[in-house]
Amino acid sequence: MDTGPDSFWERLTTTERGVIEQVSARRGYAAGEYLCHEGDQSKHVIVLVSGHVQVITHTPDGRELVIALRSAGDILGEMAALYDQPRTATLRALDKVEAITVPSNRFINLCQSRAKLAWTLLGVLHARFGELNQQRAEYGGGTASHRVYAQLAQMAAEHGAQNGSTIEIKAGLTQQQLADNAATSRESYARALRVLRERGIISTGRGWIRVHRLDELRRLAR
């Protein structure tokens, strides 16, 4: 499993990983396939082995908001499992995904009997609350352009692939979804992208954005 250094799986010891694998099953998902839907009563916990998953919520008028992108090593669905609640978000495979699934009762028993596992999960949840607060601070105020710049800077830092001095973002989102996530209109989003392109800060294509001058993008986002 090729995981990020701060992922749930990477933070565990070999022992904790082993006991999770003993009570879990593996399943594959094709690109575009749903792992679960918001409001579902399913309770199993998911740990991503490979691929990327979009975390989606819906606005009152039915629009999709992609609030996070998770990758190998990340844990998903833990809140529904721990607190016996319906799913709070929809999970959709962005590309081919392989995942470990753990029944909720087995995962709860492991958390209760293994302090290291419970402590690791607490650290992940704390980090995610911090991400949410940062998003609210960056996207909740300022002009539409500033929200777009902040969003792109965050995506580049968290999900971008470095290629020399360029960072390529492949989030698999439409421009409307990106605009919704930045709390602005599609037209305003397009204008902000045009300004960045004209300054040579980014270039764009179908399904990708390349950031050429991240420091300048961050400066504009402040």
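Overview of the structure. (Residues numbered from 1 in each chain as written. Predicted model: local features only at pLDDT ≥ 70, side-chain atom pairs only at ≥ 80, totals over all residues. Heavy atoms only, no water.)

**Things to note about the pattern of salt bridges**
Here's step 1: Counting across every chain of the model gives six salt bridges.
Here's step 2: In this structure, the salt-bridge partner of arginine 27 is glutamate 33, at a minimum N-O distance of 3.4 Å.
Here's step 3: The partly exposed category is assigned to arginine 27, whose relative accessible area is 43%.
Here's step 4: Relative accessible area serves as the criterion here: at 27%, glutamate 33 is assigned to the partly exposed category.
Here's step 5: Here glutamate 168 and arginine 210 are joined by a salt bridge, their closest N and O atoms 2.9 Å apart. (Salt bridge = Lys/Arg side-chain N within 4 Å of Asp/Glu carboxyl O. Buried < 20%, exposed > 50% of the residue type's maximum accessible area, 1.4 Å probe, protein only.)

**With respect to the sheet that holds strand E8 (residues 97-102)**
Here's step 1: The four strands are arranged E1-E8-E3-E6 in an open sheet whose pairing can be described as antiparallel. At either margin of the open sheet sits one strand with a lone partner, and together these are strand E1 (25-29) and strand E6 (75-76). (Pairing = 2+ DSSP bridges. Helix = DSSP H or I, 4+ residues; strand = E, 2+ residues; numbered from the N terminus.)

**Thoughts on the packing of aromatic side chains**
Geometry of an aromatic ring pair is reported as the spacing of the ring centres plus the angle between the planes.
Here's step 1: All told, the structure shown has zero aromatic pairs when counted by the stated rule.
Here's step 2: Its guanidinium or amino end placed over the ring of tryptophan 208, arginine 210 lies 3.8 Å from that ring's centre, counting from NZ or CZ. (Phe/Tyr/Trp six-rings, centres within 6.5 Å; stacked < 30°, edge-to-face > 60°. Lys NZ or Arg CZ within 6 Å of the ring centre and 35° of its normal.)

**With respect to helix H6 (residues 144-159)**
An α-helical segment advances 3.6 residues per turn. Residues three or four places apart therefore align on the same side.
Here's step 1: With 16 residues, H6 extends 22 Å from end C-alpha to end C-alpha; this agrees with the ideal 22 Å at 1.5 Å per step.
Here's step 2: Along H6, the positions that sit buried rather than exposed are Arg147, Val148, Tyr149, Ala150, Gln151, Leu152, Ala153, Gln154, Met155 and Ala156. (Expected span 1.5 Å × (residues − 1).)

**Concerning the pairing of strand E11 (residues 202-205)**
Here's step 1: Of the pairings in the sheet, the one linking E11 to strand E12 (residues 208-211) comprises four bridges and is antiparallel in character. Among the inter-strand pairings, threonine 204 is bridged to a residue of E12, identified as isoleucine 209.
Here's step 2: Between E11 and E12, which follow one another and run antiparallel, lie two residues, and glycine 207 among them has a positive phi close to 85°.

**Some thoughts on the nonpolar core**
Here's step 1: Residues Val148, Leu152, Tyr189, Leu196, Ile202, Val211 and Leu217 are the most contacted members of the largest nonpolar core, which totals 25 residues.
Here's step 2: Secondary structure elements with two or more residues in this core: H6, strand E10 (166-169), helix H7 (175-181), helix H8 (186-198), E12 and helix H9 (214-221).
Here's step 3: In terms of residue count, the dominant contributor to this core is H6 (six residues).
Here's step 4: Look past the residues within four positions of valine 148 in its chain and what remains in contact with it is Ala182, Thr184, Tyr189, Ala192 and Leu193. (Core = buried A, V, L, I, M, F, W, Y, C linked by side-chain atoms within 4.5 Å. Contact = heavy atoms within 4.5 Å.)

**Thoughts on the pairing of E10**
It is a general feature of regular strands that their side chains alternate between the two faces of the sheet.
Here's step 1: Side chains Thr166 and Glu168 project from E10 onto one buried face, and the interleaved Ile167 and Ile169 project onto a second face that is buried too.
Here's step 2: The hairpin formed by strand E9 (residues 161-163) and E10 contains two residues between the paired strands, and glycine 164 there has a positive phi angle of roughly 65°.
Here's step 3: With three bridges joining them, E10 and E12 adopt antiparallel strand pairing. Within E12, the position partnered with isoleucine 169 by the bridge is isoleucine 209.

**Regarding the side chain of threonine 101**
Here's step 1: By secondary structure assignment, the location of threonine 101 is in strand E8.
Here's step 2: Threonine 101 sits in the buried class, given a relative accessible area of 15%.
Here's step 3: What threonine 101 contacts, discounting residues up to four positions off in sequence, is Ser24, Ala25, Tyr29, His44, Val45 and Ile46.

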